Amino acid sequence: GGGGGGGGGGAEEDLPPGSGLYDPPPGDRTRYCSLYCDGGITLVFPASLGRDEPGFVSVDWTAGGMRYQLDRKFARLERRGGSLELT
């Protein structure tokens, strides 16, 4: 699968794994790509990002009946900094 980015809304929370992020980070996602992969994995990442722009990369998957989401959030592109969150 493949697709474009989405903005706003919380409708993705009600979708099955592989069709969106369970807990989308806030903000404008119009410049983000979303990949909805077989096996129930969703990957969301910026299509492009300026050096001093904030952003995130997220992956959502199911394993052993549990649903997980990993978010790497950053205030700007650099080697360190930002946060890593597993929900």
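Shown above is the structure to which this text applies.
Residues numbered from 1 in each chain as written. Predicted model: local features only at pLDDT ≥ 70, side-chain atom pairs only at ≥ 80, totals over all residues. Heavy atoms only, no water.

*Asks:* Explain the overall build of the protein chain residue by residue, including any values.
*Replies:* Counting its regular elements, the protein chain contains 0 helices and 5 strands. When the helices and strands of the protein chain are listed from N to C terminus, the series reads β-β-β-β-β. Looking at the protein chain as a whole, 23% of its 87 residues qualify as buried. Carbon and sulfur atoms make up 56% of the accessible area of the protein chain, which amounts to about 5400 Å² in all. (Helix = DSSP H or I, 4+ residues; strand = E, 2+ residues; numbered from the N terminus. Buried < 20%, exposed > 50% of the residue type's maximum accessible area, 1.4 Å probe, protein only. Areas by Shrake-Rupley, 256 points an atom, 1.4 Å probe, with all protein chains shown as cover.)

*Asks:* Describe the pattern of salt bridges, and please don't skip the residues or the numbers.
*Replies:* Counting across every chain of the model gives 2 salt bridges. The salt bridge involving R31 is made with E53; its shortest N-O contact spans 2.6 Å. Of this pair, R31 sits in the segment before β1 (32-37) while E53 sits in the loop between β2 (41-46) and β3 (55-63), and the two are 22 residues apart along the sequence. (Salt bridge = Lys/Arg side-chain N within 4 Å of Asp/Glu carboxyl O.)

*Asks:* Which residues make up the environment of W61, and what values go with them?
*Replies:* In this structure, W61 sits in strand β3. Classification of W61 as partly exposed rests on a relative accessible area of 25%. Through-space distance from the C-alpha of W61 to that of C37 is 9.7 Å; in sequence the pair is 24 residues apart.

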